[in-house]
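# Examining the three-dimensional arrangement
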Amino acid sequence: MSIEVRIPTILRPYTKDQKTIEASGDTLAAVITDIDSQYAGLAERLLENGALRRFINVYINDEDVRFLGGLETQIKDGDSITILPAVAGG
Amino acid sequence: MTLEISRTFVDAILEQSRAEYPDECCGVILGPLGADKALRHKPMVNAAHSPTFYEFDPKDLLSLYREVDDADEEIVVIYHSHTETEAYPSRTDIAYASEPGAHYVLVSTRKEIAPATEFRSYRIIDGIVTEEPVTILD
């Protein structure tokens, strides 16, 4: 099972500067656990108290996971996951 | 570092900030990857529709990054307006800044300085704000 995860610039120090990494897992939560086991520290940047951080957007293919099943969203072989920090401020 | 930006873009950003007042306006200027040249202005929708907050719509954000990747471009400038305060990054601006390579431009159209405006540029890296000179190209 192979899933491509696109990493934003700000998190590339965790992935040895790789823009995309390979992962496995049948839910988004499992994929995050898997990428954190490969690149320690990534989960902490994505999650807070067990939920996705408010200002981190995660998309499966073209869909924002907030409109899918959040961390419980099912992932299929060949899916592409994109992580993008919100562009936001006050 | 200096931000070099054409007067056309400066005028367009100030015009957008007036048009969207009292809400903050936002957008980006794109350029060829690695060149640090602000060449293509793209106003964005402030999904927060707020006078004190801005956020690119998450769907627009994905399209923007896809477009930038496909065209071998980079986000050179990320800008937004402050409508009642000075053109300096707020605590939330600093907390959410996530493009260490971008020039973060703040404009202010606050009443106290009208008709003058402020147009200032910063690097925001790991929570550290560094103001940089702006050169406006005619």
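Up top is the structure these notes are about.
Residues numbered from 1 in each chain as written. Chains lettered and ligands numbered in written order. Predicted model: local features only at pLDDT ≥ 70, side-chain atom pairs only at ≥ 80, totals over all residues.

### Focus on the overall build of chain A
When you go through chain A residue by residue, the secondary structure sums to two helices and eight strands. Counting helices and strands in the order they occur from the N terminus, chain A gives β-β-α-α-β-β-β-β-β-β. Since a compact globule built from 90 residues should have a radius of gyration of about 12 Å, the 12 Å found for chain A is in line with a globular shape. Projecting the C-alpha coordinates of chain A onto the three principal axes gives extents of approximately 40 × 30 × 25 Å. (Helix = DSSP H or I, 4+ residues; strand = E, 2+ residues; numbered from the N terminus. Rg over C-alpha atoms; globule rule 2.2 N^0.38 Å.)

### Quick notes on helix 1 (residues 28-38) of chain A
Residues and elements named next belong to chain A. Turning to helix 1, its buried residues are Leu28, Val31, Ile32, Asp34 and Ile35. Projection of helix 1 onto a plane perpendicular to its axis shows the buried side chains occupying an angular sector of 160°, all on one side. Of the surrounding secondary structure, the elements contacted by the buried residues of helix 1 are strand 1 (3-6), strand 2 (20-23), helix 2 (42-46), strand 3 (47-48), strand 5 (56-60) and strand 7 (80-85). (Buried ≥ 20, exposed ≤ 12 C-beta atoms within 10 Å, placed from the backbone. Arc of directions from axis to C-beta. Contact = placed C-beta atoms within 7 Å.)

### Comments concerning the sheet that holds strand 8 (residues 128-132) of chain B
Two modes of strand pairing occur in sheets, parallel and antiparallel, and in both the strands are linked by backbone hydrogen bonds. Residues and elements named next belong to chain B. One open sheet holds the six strands; their spatial order is 3-2-5-6-7-8, and the pairing between them is mixed. For this open sheet the edge positions go to strand 3 (40-44) and strand 8, each flanked by a neighbour on one side alone. Here the strands of the sheet are splayed against their neighbours by 30° on average, with no regard to which way each runs. Here seven bridges tie strand 2 (residues 26-32) to strand 5 (residues 73-82), and the two strands are oriented antiparallel to one another. Counterpart to Pro32 in the pairing with strand 5 is Glu73. Taken strand by strand, helix 2 (residues 58-70) contacts strand 2, strand 3 and strand 5, and its axis lies near 145° from that of strand 5. (Pairing = 2+ DSSP bridges. Axes fitted to C-alpha atoms, helices over the stretch in contact; angles between N-to-C directions.)

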